[in-house]
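Understanding the architecture of this molecule
Residues per chain are reported as follows:
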Amino acid sequence: MVHRLRRGVSGLGPLVGVVAVAVAAGCGGSSGKQSKRALAATGTTTGAATSATSSTSPTGGAGSAPATSSTTAAPGVVSPGTIPAGGTAGSTPPGGAGPLPAPGPTSGTTGTGTTGTGTTGTGTTGTGTTGTGTTGTGTTGTGTTGTGTTGTGTGSTGASPAPGSAPLVVVAEPNVATTTGIHGEAAVLRLALAAGGSAPVEVHALTVTAYGSIIEPRYLGALRLVGDDDRDGRIGPGEPTLGQLAAPAFTRNDGPATLSLSPPLVLAPGQTRHVLVAAEVLGSATGALTALPGRTVALRLAAAADVDARVQGGGALAAQGAFPLQGSLDIVIATHLLISEVVVGAGEFIELYNPTGADIDLSNVYLSDYADGAEGWWRLPSGNGFRPGTFSGDFLVRFPAGATVQAGQVVIVALNGDDYETQFSLRPDYSLTGNPWNANERMLFPDTSNPPQWRDRAPLFFTGSLRDAGEVVCAFTWDGQSDLVRDLDLVFYGSSSGSNAPVDRQQHAQDGPDADSTPTPYLPDTPAAQQAAAPTRSAWSGPVSIRRVDFSEAGERATHGNGVGGHDESSEPWHLTFQLDQPSPGQP
């Protein structure tokens, strides 16, 4: 039987579920135990004699090809010229994008000229060398759109064309990670924004939808856009916050939140900016995070319209791409099994908590409170000095084959199953002594062989207990062959005594059952005098819990230690990560 969490979550940080987006635009412009709780167009138009009909006279700008005037002249020679943007015949249009006029027939009053060529825009009627006129001139005539020596005219350049045709391309890139630790971190959606075209692009807002197996308004807080300057997919020291939406950013379950950027994020033409949309995960200060491991949260850009981007000073750019773009991730608090509670006095038990996103196989997991100078649990691979004495009250036990603890759940090991059931009206998951119920609920004890064989009955006259005044408790793992064991979690509570002192392996070397005969030394533990014990009481009244309140093991050294992943489990500041409380079996 495995206890499932029954406690709710509230309160408040490389998820790392990740989605990457590339954008291109073109335009014109942590004796008792205790549990832990705690992202211009160029147009060609006719010149001389390219204007209105003889009965209608436009006031400026290159227009549509006019009809032949009432007085027809012979064709002239065409030469280029710059002209203003135009409108339809007989009217003066504003400058801007529009279809370019086609060449019109050549006409004039007394001669012929040619139409100049210019960019589309708004401007006044151009003038030439020899004069101006309603119908346009060449050398001997006038034209609406400009004149020149040979009928060439000039005009002012109009505004840039509208950016409606400039695309914004969004491309999903591979995930960087699939899980996140809750060490003041967040659920992250990873984006890469790249601008194309000839003018800057402004990103004004992103509309992000959060969904998954959590209740977003309860577990997610503020939403931020952070510059991922080192491109590692994680929020790093010094990386800038580009925009923020205060908690609770997501006001309804599986709902959207619009993250507005003020000022907008500006991308120069050809520039790529890597950013993280980061949703804060709440609960780290209250222990509520214990309900989250193994659950999933995802952040999504559901559609092109969720990206509000514009040409700087211009209109909106329509995003294109394979929407929806999203990142799905599993929430984890730590990467290994944790001791969440040690209860001393009546109904004594040790509670282990799985803070990861996956089930943990306990078949090679051991529990011990035996540390007596140069002897202790760490000598198990050597086959000597690891067994506590029968009448010492100490123990070294192992979980039976096939035992597991699911993500986000706890497993309770009672020192005496009968006492635990009497005290709490519950049955423990496993026990050292007492009514066996069935063999699967009994922890395994080593016999006197070397290497030891493991059996489901305690040694004769075994009376295990936890020392009220203080001692060390360790959960560790061993593969049955290696020279060394690896600590999973360690807690020392209360005051030290001769045979109940903080662990200090002093680089003890030993050889395990593996094929080689070369001893391997343990790394130095944190000096015993520097280990900060968890609290206990000098006077006891009933059961007392030494309970974990910091599930991130804050302050623990993560390298050069004897724990899994290199952690130094003896360095955790237990006086800060544990506190005295009432027992809460099944609720880390």
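Here the residue index of a chain counts from 1 through its sequence in written order. Two thresholds apply to this predicted model, a pLDDT of at least 70 for residue-level local features and 80 or more for giving and counting side-chain atom pairs, whereas whole-chain, interface and lining totals are computed over all residues. Calculated side-chain values reflect all of the structure's heavy atoms, with hydrogen atoms and water omitted.

1. Structural notes on the overall build of the protein chain
- Helix and strand counts for the protein chain stand at three helices and 34 strands.
- For every residue, the accessible area obtained with a 1.4 Å probe (protein chains only) is divided by the maximum for its type, and the residue is called buried under 20%, exposed over 50%, and partly exposed between those limits. The buried share of the protein chain, reckoned over its 588 residues, is 51%. For the purposes of this entry, the term helix denotes a DSSP run of H or I that reaches at least four residues, the term strand denotes a run of E that reaches at least two, and both are numbered from the N terminus.

2. Some details on the pattern of salt bridges
- The term salt bridge refers to a pairing of a side-chain nitrogen on Lys or Arg with a carboxyl oxygen on Asp or Glu at a separation within 4 Å. On inspection of all chains with the given rule, the structure shows 11 salt bridges.
- A salt bridge links Arg310 to Asp308, with the nearest nitrogen and oxygen atoms 3.1 Å apart.
- Counted as one network, the salt bridges with shared partners bring together Asp487, Arg505 and Asp525.

3. Considerations on the sheet that holds strand E11 (residues 272-281)
- Here a strand pair is declared whenever DSSP counts at least two bridges between the two strands. Here we have four strands laid out as an open sheet, ordered E6-E11-E8-E9, and antiparallel in their pairing. The open sheet has two edge strands with one neighbour each: strand E6 (186-194) and strand E9 (241-245). Strand-to-strand, the axes of this sheet are offset by a mean angle of 15°, without reference to chain direction.
- Bridging between strand E8 (residues 220-227) and E9 involves four bridges; their strand directions are antiparallel. What sits directly across from Leu225, in E9, is Gly243. Where helices are involved, their axes are fitted lines through C-alpha atoms of the stretch in contact, as for all axes, and angles between N-to-C directions lie from 0 to 180°.

4. Regarding the packing of aromatic side chains
- Stacked, edge-to-face and tilted are the three classes for Phe, Tyr and Trp ring pairs, Trp counted by its six-membered ring, which pair at centre distances within 6.5 Å; planes under 30 degrees apart are stacked, over 60 edge-to-face, the rest tilted. Tallied over the entire structure, the rule returns nine aromatic pairs.
- Between Phe349 and Tyr420, the aromatic rings sit 5.4 Å apart at their centres with planes inclined by 90°, giving edge-to-face as the arrangement. Pair noted here: Phe349 is in strand E18 (residues 349-353) and Tyr420 is in helix H2 (residues 417-424), with a separation of 71 residues, a long-range link. Of the two residues examined, Phe349 and Tyr420, each falls in the buried class.
- With 5.1 Å between their ring centres and 55° between their planes, Tyr420 and Phe424 make a pair best called tilted. Within this pair, Tyr420 and its partner Phe424 are both found in helix H2, separated by four residues, close to a single helical turn.
- According to the relative accessible area criterion, Tyr420 is buried, its value standing at 0%.

5. Digging into unusual backbone geometry
- That bond from Ser262 to Pro263 is cis: its omega, 5°, falls within 30 degrees of zero.
- Along the polypeptide, Pro263 turns up in strand E10 (residues 256-267).
- Along the chain, Asn450 connects to Pro451 via a cis peptide bond; the corresponding omega equals 0°.
- Its place among the elements puts Pro451 in the loop between strand E27 (445-446) and strand E28 (454-455).
- The backbone of Arg231 shows a phi angle near 55°, a positive value even though the residue is not glycine.
- Its location among the elements puts Arg231 in the loop between E8 and E9.

6. Re H2
- Taken as a whole, H2 has its buried residues at Gly417, Tyr420 and Phe424. Angular distribution of buried residues about the axis of H2 spans 60°; they occupy a single face of the element.
- Throughout this description, a polar contact denotes any pair of N or O atoms lying within 3.5 Å of each other; where both atoms belong to protein, one of them has to be capable of donating a hydrogen while the other can accept it, and for residues adjacent in sequence the pair is counted only when both atoms sit in side chains. Measuring from the side-chain oxygen of the N-cap residue of H2 to the backbone nitrogen of Asp418 gives 3.0 Å; that N-cap residue is Asn416.
- Immediately beyond the C-terminal end of H2, within one or two residues, lies Ser425, with a positive phi of roughly 55°. Note that the arc is computed from the directions linking the helix axis to the C-beta atoms.

7. Regarding the side chain of Glu441
- One can find Glu441 in the loop between strand E26 (430-433) and E27.
- Only 3.4 Å separates the side chain of Glu441 from the side chain of Arg427, close enough to count as a polar contact.

8. What to know about the confidence of the model for the protein chain
- Values of pLDDT, which run from 0 to 100, indicate the predictor's confidence residue by residue. Put simply, the protein chain has an average pLDDT of 72, and 65% of its residues get 70 or more.
- Contacts were defined at the residue level, with two residues in contact if any of their heavy atoms lie within 4.5 Å. Across residues 1-166, confidence stays below pLDDT 50; counting only partners more than four residues off in sequence or on other chains, it has 536 contacts.

9. Section: the environment of Phe462
- Examined against the element boundaries, Phe462 turns out to sit in the loop between E28 and strand E29 (470-477).
- Taking the C-alpha atoms as reference, Phe462 lies 9.0 Å from Asp394; in sequence the two are 68 residues apart.
- Here Phe462 is in contact with Thr390, Asp394, Phe395, Leu432, Thr433 and Phe445, once residues within four sequence places are set aside.

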